[in-house]
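Structural overview
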2 protein chains.
Amino acid sequence: MSSARPLNYDPHDYEPFAVTVDLAVFTIRSGTLHALLIRRAEEPYAGDWALPGGFVRARESAHTAARRELAEETGISPDAVRTLHLEQLRTFSEPDRDPRMRVVSVAHTALVPDLPEPRGGSDAAHAQWVPLGPEGPRLPGASAVLPLAFDHDQILAEARDRIGAKIEYSCLATAFCPPEFTLGELQQVYETVWGTPLDRPNFRRKVLATSGFVEPVAGPARLTGGRGKPAAVYRAGPATALQPPLLRPRPEGQPR
Amino acid sequence: MSSARPLNYDPHDYEPFAVTVDLAVFTIRSGTLHALLIRRAEEPYAGDWALPGGFVRARESAHTAARRELAEETGISPDAVRTLHLEQLRTFSEPDRDPRMRVVSVAHTALVPDLPEPRGGSDAAHAQWVPLGPEGPRLPGASAVLPLAFDHDQILAEARDRIGAKIEYSCLATAFCPPEFTLGELQQVYETVWGTPLDRPNFRRKVLATSGFVEPVAGPARLTGGRGKPAAVYRAGPATALQPPLLRPRPEGQPR
DNA sequence: TCAAAAGTGTTGATCCTACACCCATGA
DNA sequence: TCATGGGTGTAGGATCAACACTTTTGA
């Protein structure tokens, strides 16, 4: 805040801003990264696809608003939504990003495990999981990338980049998994987000070498495929940072 | 944006928000990290120290507003300020963070080379560089950490953490250096931000191994100390990412 | 001649990649 | 018995921290 702010001022003396949250919600279904999108009912961009989101209310922080919207759009209970990974991405504030008025949006990223099809709340009965190709969202069968309303293409792309970078040095990847999972499933998360195959023995060693990343659960089970040796079951541990990091294979240039 | 937004709406139908930017501006002077702080003239927190900042204007993005404020507070020309490193940190939006009204602040972090004492603009003739101890800002001679107004302690601490993390895998550190610098000076940046001494031969090798991090300049010079062999002079190169990263020595636990 | 800072060389430990290999299950 | 996925072992190369050493300057 500037010291030049007058002692007594009325909010309406200043340019009125609307403050919203937009959500880039990701999940992994059948080996493909998906984002939760809605179809806009009204102008502008009526009929176009967009990120879910909404206004920050009078007594809410942006984070609280994002959590509320996430529960509404996914149909997850407000209690359960507290356990999901939800973090601020960045704030988008270009003056003309919304043609109607000045809207500043605090974009958030959320990671959820594979869910039943979203049972939309009042706000968006039409929220859908849309698969993400290498270039962006693509409806099943469509040949081209789906353009989003407003600056949501940019938000989605930034959110996706951030996730890819963040699972390298944080324990975030378990947020895509159900409460109990196998190392094969965890590896699939990495492979799906990065779009690269990983060496299974080495992946396994790296994960287990980081204390607190995953912890073993009692009875074994079979999960990843219909066949093969049953895999040991793990749950997410208390750690949040990955030390040493799990670096993705660099595509070109030096092997490292 | 939510699809539930009504077709025609007036901004004042909603809770009016003020949107501000706050700046965590860092520099290094004589081997110590400093932050730019101002003294508040008015209530609340009159007389307390705070981060510089101000309102986002009607036709500005948050980034533009941050750049404008940075120029005003440091006395750097609007042209020159474009070359500085300025990036969004995150948005602070707790409902009661400002006791007067609802203020959402998009915090930014800026890195500047060592400057002459800030010639305050109209807004803050009293902006000062305050050295940062391990626990936070501390006025010269003071025994305790200086508490800041609003949630600015938290903003400053987060900004500082982020810088420490970011110079590991980005070329950001050169932003603290003048246009031409020696590797000794660059190493001092790392040592100051991290608060750890580094091995000179190894530091040198790592920096030079990353193509585009620094590039040599013609004639040699003496800089770092009054004595010793003159050091080769470099300038910042075109790279932005550091591959491989320059990891800080981990204080405890596993050697890596 | 000494202290201080820049710059080069080396070595042993560590880490990691890329495999080969065995195990347990369903079909 | 074969295909499939889980899990263990290991060898060779790359990397890196730590430290010895040389060089060039000011005092």
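See the structure shown above.
Description of the structure in this document. Just so you know, these numbers come straight off a predicted model, no measurement behind them.

1. Points about the pairing of strand β7 (residues 128-133) of chain B
All names here are of chain B. With five of six residues buried, β7 is to be regarded as a mostly interior element. Pairing of strand β2 (residues 32-39) with β7, which is carried by four bridges, proceeds in the antiparallel orientation. If you follow Leu-37 over to β7, its bridge partner there is Gln-128. Bridge count between β7 and strand β8 (residues 136-137): two bridges; the pairing is antiparallel. Paired with Leu-132 across the two strands is Pro-137, which belongs to β8. Two successive antiparallel strands, β7 and β8, enclose a turn made up of two residues.

2. Describing the sheet that holds strand β9 (residues 181-182) of chain B
Whether parallel or antiparallel, the strands of a sheet pair through hydrogen bonds between backbone atoms. All names here are of chain B. Strand order across the open sheet formed by three strands is β9-β11-β10, with antiparallel pairing between neighbours. The open sheet has two edge strands, β9 and β10 (214-216), and neither has a second partner. Direction of pairing for β10 relative to strand β11 (residues 233-236): antiparallel, over a ladder of three bridges. Residue pairing for β11: Val-214 is matched across the bridge by Ala-236.

3. Quick notes on the protein's contact with DNA strand C
Close to DNA strand C lie 22 residues, the nearest being Asn-202 and Arg-222 of chain A together with Arg-200, Pro-201 and Ala-232 of chain B. In DNA strand C, atoms within 4 Å of the protein come from the sugar-phosphate backbone in 55% of cases. Within the side chain of Arg-205 of chain A, an N or O atom sits 3.1 Å from a base nitrogen of DNA strand C. In the model, a base oxygen of DNA strand C is placed 3.1 Å from a nitrogen or oxygen of the Arg-205 of chain B side chain. Counting residues per element, the ones that place at least two in the surface near DNA strand C are α4 (200-209) of chain A together with α5 (200-209) of chain B. Across the surface near DNA strand C, the residue classes tally to six nonpolar, six polar and ten charged.

4. Details of the packing of helix α2 (residues 152-169) of chain A against helix α3 (residues 183-194) of chain A
Residues and elements named next belong to chain A. The interhelical angle for the contact between α2 and α3, taken along N-to-C directions, is 140 degrees, at an axis separation of 9 Å. In this structure, α2 crosses over α3, and the sense of that crossing is left-handed. Seen from α2, the contacting residues are Ile-163, Gly-164, Ile-167 and Glu-168; seen from α3, they are Tyr-190, Val-193 and Trp-194. Grouping the amino acids of the contact of α2 with α3 by side-chain chemistry returns five nonpolar, one polar and one charged.

5. Concerning the protein's contact with DNA strand D
With respect to spatial proximity, 23 residues lie near DNA strand D, and among them Arg-200, Gly-228, Lys-229 and Ala-232 of chain A together with Asn-202 of chain B are the closest. Sugar and phosphate atoms constitute 54% of the interface atoms of DNA strand D, taking the interface as everything within 4 Å of the protein. Here a base nitrogen of DNA strand D and a side-chain polar atom of Asn-202 of chain B are 2.9 Å apart. Gly-228 of chain B places a main-chain nitrogen or oxygen 3.4 Å from a base oxygen of DNA strand D. Counting residues per element, the ones that place at least two in the surface near DNA strand D are α4 of chain A together with α5 of chain B. In terms of residue class, the surface near DNA strand D is made up of six nonpolar, six polar and eleven charged.

What counts and how
- Residues numbered from 1 in each chain as written.
- Chains lettered and ligands numbered in written order.
- Predicted model: local features only at pLDDT ≥ 70, side-chain atom pairs only at ≥ 80, totals over all residues.
- Heavy atoms only, no water.
- Buried < 20%, exposed > 50% of the residue type's maximum accessible area, 1.4 Å probe, protein only.
- Helix = DSSP H or I, 4+ residues; strand = E, 2+ residues; numbered from the N terminus.
- Pairing = 2+ DSSP bridges.
- Near = heavy atom within 4 Å.
- Polar contact = N/O pair within 3.5 Å; in protein donor to acceptor, adjacent residues only side chain to side chain.
- Nonpolar A, V, L, I, M, F, W, Y, C, P; charged D, E, K, R; others polar.
- Axes fitted to C-alpha atoms, helices over the stretch in contact; angles between N-to-C directions.
- Left-handed = near helix turned anticlockwise from the far one by under 90°.
- Contact = heavy atoms within 4.5 Å.

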